[in-house]
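Coordinate analysis (summary)
Here is how the chains run, residue by residue.
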Amino acid sequence: MGRWWNRGGEWRVRAGMTTIGLIGSGNIGGTVAKLAVAAGYDVVLSNSRGPETLQDLVAELGPKARAATAAEAAAAGDIVVVTVPLKAYADVPVAPLAGKVVIDTNNYYPERDGQIAALDNDESTTGELLQQHLTESKVVKGFNNIWFGHLAKLGRPSGSADRTALPIAGDDTAAKLLVTEFLDTIGYDAVDAGPLSENWRTQRDTPVYVTPYGPFGGEATPAGAEVVRKAVAEAKR
């Protein structure tokens, strides 16, 4: 494992990436935390209700987990996973995420988030909205197309014949490589879906959304890189 860091505008790898910060600790966040702890990472969890509301999850995860505020989780993480309702993306702390790789799991659900004109008009994508908010961070879209129940069950060791792949999108090659390495350690391959402007290909109701991994709420089905790559390519606006 390595830690990406920014010096003079150039992203490099440094040994010692050990901590995953989570801003949001619901279904996807909690599942990513469990996978990360199982892979040997420390995790720092946060949510909008305060650290005291996360004690049950921390107890379940064990000594490699602790609860904190969103700003503290952002500061502590070598990679930080933002997994909050899209309507709350502007509340994500900016300063402690400067220079960091951020995995954005957000999806746009107008019935929950309200109407967002830039998304309704296809002028932007969810990942681009977060990147515009986190101007000094490197945002990579990931974990947004899989149901958390399937995510919890489909991880496999590297090289397994039935290994599942997840699509990622981002504007920075080095950041996507770091996220690919993180996915590998928690049991998944990655398929590069392109820049953040293309992350609409993995959003709600696209071919790669939930279906390749099994029915929502149903049994999990492994979906390899070729299956996922084909589904990403088939998306239409």
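Now for a quick tour of the structure. Not measured: the values here are computed from a predicted model.

Tracing the backbone through its elements, the reader meets Thr83 in the loop between strand S6 (79–82) and strand S7 (101–104). Here Thr105 takes part through its side chain, which lies 2.9 Å from a polar atom of the side chain of Thr83. Excluding residues that lie within four positions of it along the chain, Thr83 makes contacts with Ile23, Gly24, Ile28, Gly29, Thr105 and Asn106.

Turning next to the pairing of strand S4 (residues 42–46). Residues in a regular strand point their side chains to alternate faces of the sheet. For S4, the buried fraction is high: four of the five residues fall into the buried class. In terms of strand pairing, strand S3 (residues 19–23) meets S4 through five bridges, oriented parallel. Looking at the pairing, Gly21 lines up with Val44 of S4. For the segment spanning S3, helix H1 (residues 27–38) and S4, crossover handedness is right-handed. Here S4 runs beside strand S5 (residues 65–67); their pairing, made up of three bridges, is parallel. Of the residues in S5, the one forming a bridge with Leu45 is Ala67. One crossover worth recording links S4 to the parallel S5 by way of helix H2 (residues 55–61), and it is right-handed.

This paragraph deals with the pattern of salt bridges. For the coordinates displayed, the defined rule picks out 15 salt bridges. The closest approach of N and O atoms between Lys64 and Asp42, which form a salt bridge, is 3.1 Å. Of this pair, Lys64 sits in the loop between H2 and S5 while Asp42 is found in strand S4, placing the two residues 22 residues apart along the sequence. Between Arg201 and Glu198 there is a salt bridge; the shortest N-O distance is 2.6 Å.

Below, the discussion takes up the pairing of strand S10 (residues 189–192). Pairing of strand S9 (residues 165–170) with S10, which is carried by four bridges, proceeds in the parallel orientation. Directly across from Leu166, in S10, lies its bridge partner Ala190. As a crossover connection, the stretch from S9 through helix H8 (residues 173–185) into S10 is right-handed.

The tally for this structure, following the rule as stated, stands at three aromatic pairs. Pairing Tyr41 with Phe182 gives two aromatic rings, centres 5.3 Å apart and planes at 75°, and the pair type is edge-to-face. Placement of the pair is Tyr41 in the loop between H1 and S4 and Phe182 in helix H8, with a sequence separation of 141 residues. Side by side, Tyr41 and Phe182 carry an identical accessibility label, which is buried. Measuring from centroid to centroid gives 5.4 Å for Trp147 and Phe216, while their planes differ by 50°, and the two rings are tilted.

Now for the environment of Leu166. Mapping Leu166 onto the fold places it in strand S9. Once residues within four sequence positions are removed from consideration, Leu166 is found in contact with Phe143, Asn145, Ile146, Leu151, Leu183, Tyr188, Asp189, Ala190, Val191 and Tyr213.

With a phi close to 60°, Asp122 is a non-glycine residue in the positive phi region. The phi dihedral of Val210 is positive, around 65°, even though this residue is not glycine. Tracing the chain through its elements places Val210 in the loop between S10 and helix H9 (225–233). Looking at Val210, the relative accessible area reads 9%, which means it is buried.

Taken in spatial order, the eight strands make up an open sheet running S5-S4-S3-S6-S7-S8-S9-S10, and their pairing is mixed. A strand with exactly one partner marks an edge of an open sheet, and here the two such strands are S5 and S10. For this sheet the average axis-to-axis angle between neighbouring strands, irrespective of direction, equals 25°. On the sheet, helix H6 (residues 126–133) packs against S6, S7 and strand S8 (138–141) and is oriented at approximately 165° with respect to S8. Lying over the sheet, H8 contacts S3, S6, S7, S8, S9 and S10, oriented at roughly 160° with respect to S9.

The next point concerns the nonpolar core. Ranked by internal contacts, the top residues of the largest apolar core, which has 46 residues, are Ile20, Val43, Leu45, Phe143, Leu151 and Phe182. In terms of residue count, H1 provides more of this core than any other element does, six residues in total. Here Ile20 is in contact with Ala36, Tyr41, Asp42, Val43, Val44, Gly77, Ile79, Val81 and Phe182, once residues within four sequence places are set aside. By size, the runner-up hydrophobic cluster in this structure holds 12 residues, among which are Ile23, Ala74, Val84 and Leu134.

Rules and cut-offs
Residues numbered from 1 in each chain as written. Predicted model: local features only at pLDDT ≥ 70, side-chain atom pairs only at ≥ 80, totals over all residues. Heavy atoms only, no water. Helix = DSSP H or I, 4+ residues; strand = E, 2+ residues; numbered from the N terminus. Polar contact = N/O pair within 3.5 Å; in protein donor to acceptor, adjacent residues only side chain to side chain. Contact = heavy atoms within 4.5 Å. Buried < 20%, exposed > 50% of the residue type's maximum accessible area, 1.4 Å probe, protein only. Pairing = 2+ DSSP bridges. Right-handed = clockwise from strand over helix to strand, strands pointing away. Salt bridge = Lys/Arg side-chain N within 4 Å of Asp/Glu carboxyl O. Phe/Tyr/Trp six-rings, centres within 6.5 Å; stacked < 30°, edge-to-face > 60°. Axes fitted to C-alpha atoms, helices over the stretch in contact; angles between N-to-C directions. Core = buried A, V, L, I, M, F, W, Y, C linked by side-chain atoms within 4.5 Å.

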